[in-house]
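# A structural walkthrough
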Amino acid sequence: MAKRASDVEKLVRSEYRHGFVTDIEADTVPPGLNEDVIRLISAKKAEPEFMREWRLKAYRRWITMQEPHWAHVQHSPIDYQAISYYSAPKTQPQEDGPKSLKDVDPKLLETYEKLGVPLHERAKLAGVAVDAVFDSVSVATTFRKKLADVGIIFCSFSYAVQNHPQLVEQYLGSVVPYSDNFFASLNSAVFSDGSFVFVPKGVRCPMELSTYFRMNAANTGQFERTLIIAEEGAYVSYLEGCTAPMRDKNQLHAAVVELIALEGAHIKYSTVQNWYPGDANGQGGIYNFVTKRGDCRGANSHIAWTQVETGSAITWKYPSVLLRGDNSIGEFYSVAVTNNFQQADTGTKMVHIGKNTRSTIVSKGISAGRSQNSYRGLVKVVGAAENARNYTQCDALLLSNQCGAHTFPYMEVKNPTAKVEHEATTSKIDDDQLFYCRSRGISAEDAVNMVVSGFCKDVFKELPMEFAVEAQGLLAVSLEGAVG
Amino acid sequence: MNAVAETAPPYADSFAALQHTRAPDWLAELRRSAFARFTERGFPPERAEDWKYSNTRALQKLRFSPATTPPTNLGTEAIAAALLQHPQVQRLVFVDGVHVPALGSKHAAVPGLRITPLDTALREHRADLRELLLPEARWDNDPFTALNTAFLADGALIEAAGNVQVTAPVQLVFVSTPHTEACASHPRVMVTLGTNVKLTLVESYFGLDGAANFTNSCTQIALAANSRLDYFAVQREAQGDFHVSRVYVSQRERSRFASHVYNLGGEWVRNDLRVRLEDAGASVRMDGVYLADRSRHVDNHTRIDHLVAYTASDELYRGIIRDRGHAVFNGKVVVAEAAIKTDATQTNNNLLLTRNGEIDTKPELEIYADDVKCNHGATIGQLDEQALFYLRSRGLDLDTARELLTGAFARVVTDRIAAEPLRRFALEQLASALPQVAAEDGA
Amino acid sequence: MLSIKNLHANVADKEILKGINLDVKAGEIHAVMGPNGSGKSTLANILAGRDGYTVTQGSVSYQGQDLLAMDPETRACAGVFLALQYPVEIPGVNNVYFLKAAYNAIRKHRGEEQVDAVKFLGLVKDKMKLVDIDTAFLNRAVNEGFSGGEKKRNEILQMLVLEPRLALLDETDSGLDIDALKVVAKGINALRSPERAMVLVTHYQRLLDYVVPDCVHVLAAGRIAKSGDKSLAAELEQRGYDWVTAGASA
């Protein structure tokens, strides 16, 4: 029994598995940010004027803004002039992305193979269409043709700007305006690429769409932008994965994701976030400051966010839903695991505006090591939102005596037909449960994983199958050595 | 001090006037430093997280001056509704912040219990007074406590030496009366219980019709090992009254604090109740009922700090929001790294009954220890339709049925009061605002 | 198979076991009886390796090995099984998944091949009939929301599947109605074999109406106050514990 503590220690001490660097020549803009840099990024991407002007407006707004500090996280000041705002693999055709996988540098393909993201046609077997973003640019989008046959556009953001400018102009910034917040404004000014999805009226996307983000170059920031539009009655399930090499300096990732669901549309957005979390001493790691927001614009629309957050040194993200359409539904399922010196301040906002809108929030926080893990959420019911319903369940599991678990839920209600319910619990991992597993022959390590997976089950079951398996695995890795 | 530098800081005139009264050097110095702190910090900025839903603009706009001479014709009957009936009650009455001995109880003193009006203690230059005051570090960040300290003049000292079980309840009544010019009062209450002391304390804030004053109260409570305080604060001020209260509690080994805060009156109310569990075995029960009706604004902020191992807290606040009322609840439970085996429960339930009402609630947990069991829950909803139907099917009209269920909703909190006669008094006070509560008692 | 010698143990600095001596041979069933607070559950939990107990003196050997030096999972893999008095709920963990993980962990320890889900399910279903458990049980979370009787039957099912060499049953009969008790007894009897030993910890003798023990021990104030054959159980039923315990504390 005395052995237990050390078993648990060992359990948590696992290595980050995606920490390799790809040796590839990159076209990197020198560090620093001013209007010329923005014009340069825009020019490199041969963007139309509206895009360039939008970026400049965002930049001009951003320089008037203050970096926010209300989250329960601490970090040393970020020098925004020391970051390079554009980095692209040199071998990549710059104009409009690769025409096919044959054009993609084999080294890049190899990188994604190592990461377990198959870009080759054998990906067909997995039935997942993948857009891969390497540092700042999209390197390959698979299945583009097959999707186009049913009218779905799935491509890199740059490609969309070139080829579907009217759609981009119509929807970009319509959910997260360029003035929304400090990091969103920065992203609006400098974003280099990302994914674009358009599912036309009545179309049910025949496969899972997926983007895999990879940050490779040192001293760069990654600022991707994702825009997903589901027209009337459309359905799409979208998966996002991310990794980065191990570097001892912090790197900034400030992405923006906008989802638009028109009448009767359903968007499922799943994330498995595994950016490099820094080493066991808190050295290095990604600052993940992300703005994700969905707009249930039409009646009977439905947006569901599912996230498994295991990486990043600091996570600051609140995937939200504006429930504007009558009878619209917003969901948020989250597992956030922090270990060592990681800090996570994550949660959601559900804004009930239409009638008979419903939202569900399930958040599971797991803290280990010396990490800090906070849930921050807002449920807002405006005066006109008749019959709004929200249920929130927020649980935190503590695996060490040096970590923190915090809950900051805000509920603002102005309508007398609303029912809002919030429940939260925080406790240590149960010794009796661990003993019970072990008394049946299961090892201490497996017992911890089993109990923690059980704790997260309500979230994992919302993930598409392939991701659920990956998430379980990640959880086990993240917690290696975590129980003390 | 930038934009408002040209105009004199609020309360500067009142503070200048106070300089003409005689005071020992230490007190004059304390007041000066507190006023400097208040002037420096000013009223809470609108963006401040703790004031997110409570705008102090209306309070800032009004100019309050201290009441100097309370009405002489005020009799006990005018405040009868506020009085706790008990054969041995020890009562002090303050009118617009000034102690009025004539209205107090005349019962014989209770052995082991010392109740001193603060102005008396100040006049008598009690040597230990300065040590009894809340250390500056604890009000450093709060402008209202600073303001209270700057105008420190009256209130009460309640001290019980060790090993007494006081059966006589203590009641402090603060009456707000109508004036041609609105006035501000800053009562300070200091409660010190020795080891193994048991005491019941009631603070009643009562307003006469037409009053529109500002009461800025501060109560500090120190509980020694094994002591127990049953504390009931009822706030039934007049429709125009502003009320800010600060209650600071520190608890030693195995002490128990049972707090019941009922907000049933006033126009704009903000309460902060902070409890520090400083030794093993200390426990707190923290209950409250708030009624935000008419155009009333009621904001309750509570904070419990579990500082050491083996401490417990159990909190239940229930609110009723109707008419154009706006209620705010913020309950924070902080568990320090050393505070293993903490057991903390917090529940906040709200009935939002009308279209123009608003409720903003935020239960918070900040946990830095691992071996703990903490939970909180918050709900916002309406009366149970099934229960309403059931009552109506038995012949009650809709309004009565609603009142009955609303009363029952609040009554759940009152029923948690273990101590008599406190429970009955709480029920009576609740019935002044929710008449169906008493009807349900059958008595 | 099991040899307990002069076992002393504390719970939070209070001595609960004050010198237990007990020998259990393969093929035997021993009943350990005694009033509440006599140390019965403490003994069972110590044998399974639960935290919170400090052994201050004595030894326990199991198949010649020092049992007390082993981790709980090592004991389980070596064939020790404890049916808990209060089986633990594990939300989110599927019952059959849990059982399969345990089964394969033990097989792995023995150097045997892992069993896949299909084969395992077939194996479990046979055992389930014995203890009258519905298949719906398998897909619920471990013990979560189970009634008291369901939890106890689930313990017996685990025992039947894991086939231990030494089974310790801690008050498995408590809180059961007569039908459930018969089911539990049937499960226990099914496992009875010359290679296997069982220790039934119980307060009442009624389980012993269905599972006939070879030896009965009365535990009182942390010691074995009296040992006998099955007739001792009947005598306890008639006369209560006082006549035995009075002697123990003297």
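Scope of this entry: the structure provided in the associated data block. In every chain, residue numbers begin from 1 and rise along the written sequence. Whichever chain is written first becomes A and whichever ligand is written first becomes 1, with later ones labelled in order. Residues qualify for local features only when their pLDDT is at least 70, as the model is predicted, and side-chain atom pairs are given and counted only at 80 or more; totals for whole chains, interfaces and linings, by contrast, use all residues. Excluding hydrogens and water, the side-chain figures rest on all heavy atoms present in the structure.

The subject of this paragraph is the interface of chain C and chain A. Each side of the interface is counted separately: chain C has 34 residues, and chain A has 21 residues. Note on terms: buried area is the combined drop in 1.4 Å-probe accessible area of two parts once they are placed together, counting the loss on both. Of the roughly 2,200 Å² buried between chain C and chain A, counting both surfaces, carbon and sulfur atoms make up 61%. Salt bridge, as used here: a side-chain nitrogen of Lys or Arg that lies within 4 Å of a carboxyl oxygen of Asp or Glu. One can count four salt bridges joining chain C with chain A. Numbered from the N terminus, helices here are DSSP runs of H or I no shorter than four residues, and strands are runs of E no shorter than two. Only α2 (72-77), β6 (80-83), β7 (90-94), α3 (95-109) and α5 (148-162) of chain C provide two or more residues apiece to the side of chain C that touches chain A. Here the side of chain C that touches chain A gets six residues from one element, more than from any other, and that element is α3(C). Whether two residues are in contact is decided by their heavy atoms: any pair within 4.5 Å suffices.

Attention now goes to empty space enclosed by the protein. Using only the protein atoms, space was sampled on a 1 Å grid; points where a 1.4 Å probe fits but cannot get out form cavities, open sets with protein on both sides within 12 Å along at least five of seven lines form pockets, and lining residues are those with an atom within 4 Å of a point. Grid points are joined across faces, edges and corners, and a volume is the space filled by probe spheres set on the points. Scanning all chains against the criterion turns up 12 cavities of 30 Å³ or more. Its volume calculated, the largest cavity comes out at about 140 Å³. Taken together, 19 residues form the lining of the largest cavity, with B:Tyr231, B:Ala233, B:Ser245, B:Val261 and B:Asn271 sitting closest to its centre. Listed by contribution, the elements that provide at least two residues to the lining of the largest cavity are β9 (198-207), β10 (214-223), β11 (228-236), β12 (242-251), β13 (256-263) and β14 (268-277) of chain B. Element by element, the count of residues in the lining of the largest cavity is highest for β11(B), at four residues. For this scheme, ten residues count as nonpolar: Ala, Val, Leu, Ile, Met, Phe, Trp, Tyr, Cys and Pro. Four count as charged, namely Asp, Glu, Lys and Arg, and the remainder, Gly too, count as polar. Classifying every residue of the lining of the largest cavity by side-chain character gives nine nonpolar, eight polar and two charged. Reported here for the second largest cavity is a volume of approximately 120 Å³. Contributing to the lining of the second largest cavity are 18 residues, with A:Gly365, A:Tyr375, A:Asp395, A:Ala396 and A:His406 lying nearest its centre. Here the lining of the second largest cavity is composed, by residue class, of six nonpolar, 10 polar and two charged.

Let us now look at unusual backbone geometry. In this model, B:Glu420 is joined to B:Pro421 through a cis peptide bond whose omega is 5 degrees. For B:Pro421, the position within the fold is in the loop between α9 (398-414) and α10 (422-433). Positioned with a positive phi, A:Ser312 is a non-glycine residue whose angle comes to about 70 degrees. When you line up the elements, A:Ser312 lands in the loop between β14 (302-309) and β15 (314-317).

The periodicity of an α-helix, 3.6 residues per turn, causes residues three or four places apart in sequence to face the same way. Residue and element names in this part refer to chain A. Expected helix span is taken as 1.5 Å per residue step, with the number of steps being one fewer than the number of residues. Between the first and last C-alpha of helix α11 (residues 444-460) there are 22 Å, a value that for 17 residues agrees with the 24 Å anticipated at 1.5 Å per step. A residue's bend is given by the angle between axes fitted to the 7 residues ending at it and the 7 residues starting at it. At Gly 454, α11 is deflected by roughly 40 degrees, the largest bend along its length. For every residue, the accessible area (1.4 Å probe, protein chains only) is compared with the maximum for its type, and the residue is labelled buried under 20%, exposed over 50%, or partly exposed between those bounds. The element α11 is largely enclosed, with a buried count of 13 among its 17 residues.

Regular strands place side chains that alternate from one sheet face to the opposite one. Residues and elements named next belong to chain C. Judged by which residues are buried, β6 turns out to be covered on both faces: Val 80 and Leu 82 on one side and Phe 81 and Ala 83 on the other are all buried. Should DSSP find at least two bridges between two strands, the strands are regarded as paired. Pairing between β6 and strand β9 (residues 166-170): four bridges, direction parallel. Directly across from Val 80, in β9, lies its bridge partner Leu 166.

Moving on, we come to the side chain of B:Asp230. Residue and element names in this part refer to chain B. Along the chain, the position of Asp 230 falls in strand β11. Polar contacts here mean pairs of N or O atoms no more than 3.5 Å apart (in protein, one a potential hydrogen donor and the other a potential acceptor; neighbouring residues in sequence count only if both atoms are side-chain atoms). There is a polar contact of 2.9 Å between the side chain of Asp 230 and the side chain of Arg 228. Dropping the residues within four chain positions of it, Asp 230 is found in contact with Lys 198, Leu 199, Thr 200, Leu 201, Ala 258, Ala 419 and Leu 422.

A separate point is the nonpolar core. Membership of the largest hydrophobic core comes to 115 residues, with the highest contact counts inside it found for A:Ile366 and C:Ile188. Considering each element in turn, this core owes the most residues, nine residues, to α11(A). Those residues in contact with A:Ile366, other than ones at most four positions away along the chain, are A:Val335, A:Ala336, A:Val337, A:Thr338, A:Asn373, A:Leu397, A:Leu399, A:Val452, A:Phe455, A:Cys456, A:Leu475 and A:Leu479. Buried residues of nine kinds, namely Ala, Val, Leu, Ile, Met, Phe, Trp, Tyr and Cys, make up a nonpolar core once their side-chain atoms join them within 4.5 Å.

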